[in-house]
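Listed below, chain by chain, are the residues.
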Amino acid sequence: MKGPGVGQAVHLIGPSGATLGARVKDTSRTSFLLRLDEGVAGNPLELLDDKLVSIEFTNRRGVCRILGTAESAGGGSALRVDATGTIELIQRRDYVRVEAFVPVTYHPDGPDGWVATAHTLDVSGGGFRIGAAEGLRLGDMRRFDIELGEGTDDVQAVAAAVREAGEDSFGMQFVEIPERDRQRLVRWVFARERLARQIARHP
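A quick note: this is a predicted structure, and the numbers were derived from the prediction, not measured.

1. So, the overall build of the protein
Now for step 1: Helix and strand content of the protein: two helices and 14 strands.
Now for step 2: In the protein, which comprises 203 residues, the share counted as buried stands at 41%.
Now for step 3: A separation threshold of at least 6 residues defines the contact pool for the protein, and within that pool the share at least 24 residues apart is 49%.
Now for step 4: As displayed, the protein offers around 11200 Å² of accessible surface, 48% of which is attributable to carbon and sulfur atoms.

2. Side note on the environment of Phe-128
Now for step 1: Mapped onto the elements, Phe-128 comes out in strand β11 (residues 127-131).
Now for step 2: By relative accessible area, Phe-128 is classed as buried at 1%.
Now for step 3: C-alpha of Phe-128 to C-alpha of Val-98: the two residues are 30 residues apart in sequence and 9.4 Å apart in space.

3. Observations concerning the environment of Leu-20
Now for step 1: Mapped onto the fold, Leu-20 is located in strand β2 (residues 19-27).
Now for step 2: Sequence separation of Leu-20 and Leu-36 is 16 residues, and the distance between their C-alpha atoms is 7.2 Å.

4. Digging into the pairing of strand β6 (residues 78-83)
Now for step 1: As paired strands, strand β3 (residues 31-36) and β6 are joined by four bridges and run antiparallel to one another. Considered in β6, the bridge of Leu-33 is made with Arg-80.

5. A look at the pairing of strand β1 (residues 9-13)
In the case of a regular strand, side chains alternate between the two sheet surfaces.
Now for step 1: Note that β1 and β2 share five bridges and pair antiparallel. Its bridge partner lying in β2, Leu-12 is registered against Leu-20.
Now for step 2: The antiparallel hairpin formed by β1 and β2 contains five residues in its connecting segment, where Gly-17 sits at a positive phi of about 95 degrees.
Now for step 3: For β1 and strand β4 (residues 52-59), the ladder comprises three bridges, and the chain directions are antiparallel. Along β4, the bridge assignment pairs His-11 with Glu-56.

What counts as what
- Residues numbered from 1 in each chain as written.
- Predicted model: local features only at pLDDT ≥ 70, side-chain atom pairs only at ≥ 80, totals over all residues.
- Heavy atoms only, no water.
- Helix = DSSP H or I, 4+ residues; strand = E, 2+ residues; numbered from the N terminus.
- Buried < 20%, exposed > 50% of the residue type's maximum accessible area, 1.4 Å probe, protein only.
- Contact = heavy atoms within 4.5 Å.
- Areas by Shrake-Rupley, 256 points an atom, 1.4 Å probe, with all protein chains shown as cover.
- Pairing = 2+ DSSP bridges.

What follows is the structure, encoded as structure tokens:
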């Protein structure tokens, strides 16, 4: 399994569990040269020097992690992580699901009918669970606009109601979704899941 490539954004997890954003400047078979994101408080390069850290990144398979020893590099402006193990897949892309309450709109009676607005209960790269879904029935296949917020365009996808999940609540499976939107949705899910883990570590 390949590690992160040059230019890829990654997360650096220190011994305390704190998460720092970084970007790969250079890479070899057993080491990664990272530049930490601007705005990181303190001097994490000194704090992490000679410490065991982990690099988390995403690829087509999901969220991966590699352990290594950190060392200041580039005159103190970067951090080199020498891998001490192999790359580990810690979350498969297909199964990552997070609780998320975001608006979705759809046409219960077809594309020329009225517009309904509901909210997701959770979201994954393969679909979502919808609550208070007015006019939706098990087996229905409709086009949905999922509003992710943060100034981004809505994700547009065709999804089918494949299971009942409570009163007017359904498990929806994507039937048709542009690959760029699926990738964007997966990154959004990973970011929310990572934030939830960080909050859990430091409540």
